[in-house]
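Residue-level listing of the chains:
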Amino acid sequence: MAEKKDNREVVLRLSDITMQFGGVVAVDNLNLDVHKNEIVGLIGPNGAGKTTAFNCITGVYEPTNGAVEINGEVVIENYPQGKMKDAYKGKNQGKYTKALTMLPDKVTKLGVARTFQNIRLFKGMTVLENVMVAMHMNQSESVFGATFRSKKAREEEKTMREEAMELLKKVDLYENRNDMATSLPYGKQRHLEIARALATHPSILLLDEPAAGMNPQESDDLMKFIGRIRDEFDLSILMIEHHMQVIMGICEHIYVLNYGGQIADGTPEEIQANSAVIEAYLGGDE
Amino acid sequence: MENTLSKKTKNVLTVVAIALFLILVYIGDITISPGSSWKMMITVIEKGSIFALVAASMNLLNGFTGLFSLGQAGFMLIGAYTYAIFTIPAKSHNAVYQYFDGGLIKWSLVEILEDKIGIVGHYIGMLIPMIGAGLLVAVIAFLIGIPVLRLKSDYLAIATLGFAEILRAFFQWNTLGPVTNGSNVLRKYATYDNAIFPVVVSGICIAIILLLINSTYGRAFRAIRDDEIAAEAMGVNLFKHKEMSFVISSFFAGISGALLAMFQTTINATPFNTVMTYEILLIVVIGGIGSITGSIIGAFLFTAASEWWLRGLDAGSWLGINSSLMRPGFRKVVFAILIMLVVLFYAQGIMGSREFSWDSFLAWIKGRPEAIKTWPARRKAKAAAKKEARATKAAARAKAKAAKDEGEAKKASGEKLFTALPVSDEVMVFGKEGK
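Residues numbered from 1 in each chain as written. Chains lettered and ligands numbered in written order. Predicted model: local features only at pLDDT ≥ 70, side-chain atom pairs only at ≥ 80, totals over all residues.

Caption draft 1: Spatial organisation of the overall build of chain B. Tallying secondary structure elements over chain B gives 19 helices and 4 strands in all. Relative to a compact globule of 435 residues, whose C-alpha radius of gyration would be 22 Å, chain B shows 28 Å and is clearly more extended. When burial is assessed residue by residue, chain B has 37% of its 435 residues classed as buried. Contacts in chain B between residues at least 24 apart in sequence constitute 76% of all its contacts with a sequence separation of at least 6. (Helix = DSSP H or I, 4+ residues; strand = E, 2+ residues; numbered from the N terminus. Rg over C-alpha atoms; globule rule 2.2 N^0.38 Å. Buried ≥ 20, exposed ≤ 12 C-beta atoms within 10 Å, placed from the backbone. Contact = placed C-beta atoms within 7 Å.)

Caption draft 2: Representation of the overall build of chain A within the structure. Broken down by element type, chain A carries 11 helices and 10 strands. A compact globule built from 286 residues should have a C-alpha radius of gyration of about 19 Å, and chain A, at 20 Å, falls within 12% of that. By its C-alpha atoms, chain A is 65 × 45 × 35 Å across when sized along the principal axes. Relative to all contacts within chain A whose residues are 6 or more apart in sequence, the contacts with residues 24 or more apart total 70%.

Caption draft 3: The interface of chain A and chain B, seen in detail. On the chain B side, the residues contacting the 37 residues of chain A number 29 residues. Elements with a minimum of two residues in the side of chain A that touches chain B: helix H3 (104-109), helix H4 (127-135), helix H5 (143-147), helix H6 (151-170), helix H9 (244-250) and helix H11 (275-282) of chain A. In the side of chain A that touches chain B, the residues fall into 17 nonpolar, 11 polar and 9 charged. (Nonpolar A, V, L, I, M, F, W, Y, C, P; charged D, E, K, R; others polar.)

Caption draft 4: Quick look at the domain arrangement of chain A. Residues and elements named next belong to chain A. As assigned here, chain A comprises domain 1 (8-111 + 202-286) and domain 2 (120-201). Between domain 1 and domain 2, the C-alpha centre-to-centre distance is 28 Å. Taken together, the contact between domain 1 and domain 2 spans 13 residues of the former and 10 residues of the latter. Listed by contribution, the elements that provide at least two residues to the side of domain 1 that touches domain 2 are H3 and helix H8 (216-232). Of the residues assigned to the side of domain 1 that touches domain 2, the class counts are 6 nonpolar, 3 polar and 4 charged. (Domains from an automatic or database assignment.)

Caption draft 5: The arrangement of the packing of H4(A) against helix H10 (residues 216-226) of chain B in detail. It is the contact of H4(A) with H10(B), at a shortest axis distance of 9 Å, that shows an interaxial angle of 105°. In terms of orientation, H4(A) and H10(B) fall into the roughly perpendicular class. Listed contacts from H10(B) to A:Glu129, A:Met132 and A:Val133 of H4(A) are B:Arg219, B:Ala220 and B:Ala223. Classifying every residue of the contact of H4(A) with H10(B) gives 4 nonpolar, no polar and 2 charged. (Axes fitted to C-alpha atoms, helices over the stretch in contact; angles between N-to-C directions. Parallel < 35°, antiparallel > 145°, perpendicular 65-115°, else oblique.)

Caption draft 6: Layout of unusual backbone geometry. All names here are of chain A. Not every positive phi belongs to a glycine, and Arg149 is a case in point at roughly 55°. Inspection of the secondary structure assignment puts Arg149 in the loop between H5 and H6. Given 14 C-beta atoms within a 10 Å radius, Arg149 is considered partly exposed.

Caption draft 7: Region of the structure containing helix H3 (residues 72-85) of chain B. Counted at 1.5 Å a residue, the expected span for H3(B) with its 14 residues is 20 Å, and the 20 Å between its end C-alpha atoms agrees. Counting buried positions along H3(B) gives 14 out of 14 residues, so the element sits mostly inside the fold. (Expected span 1.5 Å × (residues − 1).)

Caption draft 8: The arrangement of the pairing of strand E9 (residues 253-258) of chain A in detail. Residues and elements named next belong to chain A. Counting buried positions along E9 yields 6 of 6 residues, so the element is predominantly enclosed. As paired strands, strand E3 (residues 39-43) and E9 are joined by 4 bridges and run parallel to one another. Looking at E9, one finds that Val40 is bridged to His253. As judged from the 5 bridges shared by E9 and strand E10 (residues 261-266), these two strands associate in the antiparallel manner. Within E10, the residue paired with Tyr255 across the bridge is Asp265. Where E9 folds back onto E10 in an antiparallel hairpin, the turn is made up of 2 residues, including Tyr259, whose phi is positive at roughly 50°. (Pairing = 2+ DSSP bridges.)

Caption draft 9: Geometry of the domain arrangement of chain B. The domain architecture assigned to chain B consists of domain 1 (7-364) and domain 2 (380-434). A C-alpha centroid distance of 55 Å is found between domain 1 of chain B and domain 2 of chain B.

Caption draft 10: Structural view of the nonpolar core. Ranked by internal contacts, the top residues of the largest apolar core, which has 180 residues, are A:Val131, B:Ala55, B:Leu77, B:Ala80 and B:Ala84. When neighbours within four sequence positions are excluded, B:Leu77 is seen to be in contact with B:Leu167, B:Arg168, B:Phe171, B:Gly257, B:Ala269 and B:Phe272. (Core = buried A, V, L, I, M, F, W, Y, C linked by C-beta atoms within 7 Å.)

Caption draft 11: Expanded view of the packing of helix H2 (residues 39-62) of chain B against helix H14 (residues 292-309) of chain B. All names here are of chain B. Between H2 and H14, the shortest axis-to-axis distance is 7 Å and the interhelical angle comes to 140°. Relative to H14, the element H2 is oriented oblique. In this structure, the crossing between H2 and H14 has a hand that is right-handed. Where H2 abuts H14, its residues Met40, Thr43, Val44, Lys47, Gly48, Phe51, Ala52, Ala55, Ala56 and Asn59 lie against Ile292, Ser295, Ile296, Gly298, Ala299, Phe300, Phe302, Thr303, Ala304, Glu307 and Trp308. (Left-handed = near helix turned anticlockwise from the far one by under 90°.)

Caption draft 12: Local environment of the environment of B:Gly66. Residues and elements named next belong to chain B. Topologically, Gly66 is positioned in the loop between H2 and H3. Through-space distance from the C-alpha of Gly66 to that of Arg222 is 7.6 Å; in sequence the pair is 156 residues apart. Once residues within four sequence positions are removed from consideration, Gly66 is found in contact with Ile224 and Arg225.

Right, dumping it as structure tokens:
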């Protein structure tokens with residue numbers, strides 16, 4: 001693998017992440033770096049373990065082995081314990097000795113926001129409310145103050161609302177702010193999911209198949225949109241995607257997974273020329 | 001909408017409506033003689049407002065936080081007992097706790113405060129145990145919530161239901177007799193003397209629940225209801241918010257328990273069983289899961305139907321109809337059928353997840369004459385649409401049958417049934433660019 005020197009600081013680093021469910025190794029020894037302001041792609045055939053890797057980063061799953069480093073600090077680390085000690089099939093057993101876990105909401109507070117493969121908007125709420133939920137964690141008023149509308153609560157609510165409006169303007173959803181989230185067309189729902197993630201003030205954004213179900217025109221727009229928010233919100237982005245135009249057009253670095261294992265990484269040009277990748281996608285010579 | 005009211009007008013309307021209602025209740029309770037059949041209306045208002053409060057508190061959990069909890073009757077039980085125990089007059093203790101040497105607590109908060117500061121103290125002496133009942137229930141809910149709220153959906157319902165049942169048995173335990181009077185009734189405790197009391201207390205509590213739901217915490221609750229995983233990913237601490245909702249809901253269930261104790265004037269653990277929980281759940285479902293307005297309407301309708309309008313069915317004569325079928329218990333049969341009809345034709349409940357607003361109310365009123373006028377036409381249109389749908393369905397069936405026949409024919413003649421699927425888009429693109 002061609003190791004390109006990147007002088008930017010690493011904001012997200014996965015070291016030897018392995019996720020084993022029973023006897024199935026869903027993610028096998030994944031090593032991945034995301035640098036500041038970089039857009040990194042994670043590709044692989046269906047069932048390669050891409051979303052599982054996302055879930056390991058965001059605290060939905062506890063990885064069986066390995067560590068996740070966010071902004072230079074190890075926040076999630078685990079090693080095979082209990083029954084898994086003998087059942088473990090992955091590599092690097094014994095390299096990690098600490099068991100650090102973190103709940104998804106804490107990971108979000110650290111500045112890692114995500115979107116979902118199958119859109120998960122809050123169905124019973126308007127577009128504006130969807131975004132405002134994501135700002136809830138940053139408000140400091142207690143439940144009593146908020147219920148009885150203390151001065152602080154009213155001010156916080158006001159700034160929250162204004163900020164949410166501002167954000168919706170930036171993602172072209174301002175006109176739809178009072179519509180129910182589920183009444184939006186599909187493409188706009190995707191945009192809203194990203195807007196909602198942005199409302200948590202992230203420094204790292206994880207996008208799980210943002211272009212799924214989009215036509216070429218829409219994916220082209222999405223590509224530009226992702227580039228724009230990266231600059232505007234000073235983000236580092238890790239994205240899973242199947243649309244090769246999107247991935248090849250926007251990512252600076254690509255990691256390829258197959259059957260949980262990492263089979264290649266490099267720039268889009270390197271990946272396109274990589275024989276292991278072509279074999280994984282198109283099947284090798286029998 | 002073309003004619004929306006200004007915020008000020010709405011506030012004035014709300015205040016006037018509430019004041020008018022309260023005055024009517026107050027005067028009604030004073031003037032209507034106990035023998036009058038209209039007295040039943042006052043009873044319905046009292047009991048209805050108490051059930052409106054507990055239904056609203058259950059809706060906060062089930063409809064707004066998405067926690068399917070069935071512990072409400074148990075929490076009401078604690079509330080009712082807490083209130084009653086601390087307000088039984090000292091001289092009545094020997095009569096009430098006749099099997100337990102006059103009980104453990106020999107004083108009444110109401111009497112103590114009344115002696116000190118007069119009539120105001122009397123009411124403060126009632127309010128303190130009532131709020132104390134709510135707080136005690138909240139503390140118990142907090143402790144129960146720690147293990148129980150890790151469960152999801154049906155499992156949570158079973159755990160809370162089981163807890164409520166255990167409580168019922170616990171309060172009837174003879175060893176606790178000096179406090180709870182074992183399986184005997186508690187009576188002679190202080191109660192209110194005008195129907196306005198439960199209406200005002202319930203009203204304030206429901207207003208607080210509404211304020212909570214419309215605050216940023218309420219938004220977080222609704223986010224949890226809509227999608228737990230997404231809510232967590234947006235930084236909402238699941239456990240903290242679920243616990244918060246559970247504790248607050250239980251607090252208000254405790255208050256309503258205390259009010260119910262006052263309404264009934266005697267209290268016993270037996271009626272606080274699963275049937276009561278289901279009645280509350282029924283009110284929530286009939287009114288609309290996720291609508292406080294619905295819970296209030298549902299509570300009054302339910303109470304009016306079961307206590308007042310359908311009473312005649314048990315007594316043998318109802319709306320001038322006399323039948324041998326109408327004997328004690330028949331009311332419940334009719335009631336069950338009514339509920340089925342409501343659930344069938346208002347699947348979302350009366351209000352769905354909408355709330356009352358003056359704008360929509362006025363629009364609804366204004367739309368009535370028009371709606372009544374156009375009703376025959378609409379019915380015709382509906383019938384026509386139904387006919388058309390039936391026709392389309394029949395056509396589709398015919399088409400499907402034709403296609404099937406064709407397939408059978410092809411199969412018989414040995415033709416290929418399917419053609420090969422095209423290669424998917426993503427692979428094509430990759431292949432083109434990659435090579």
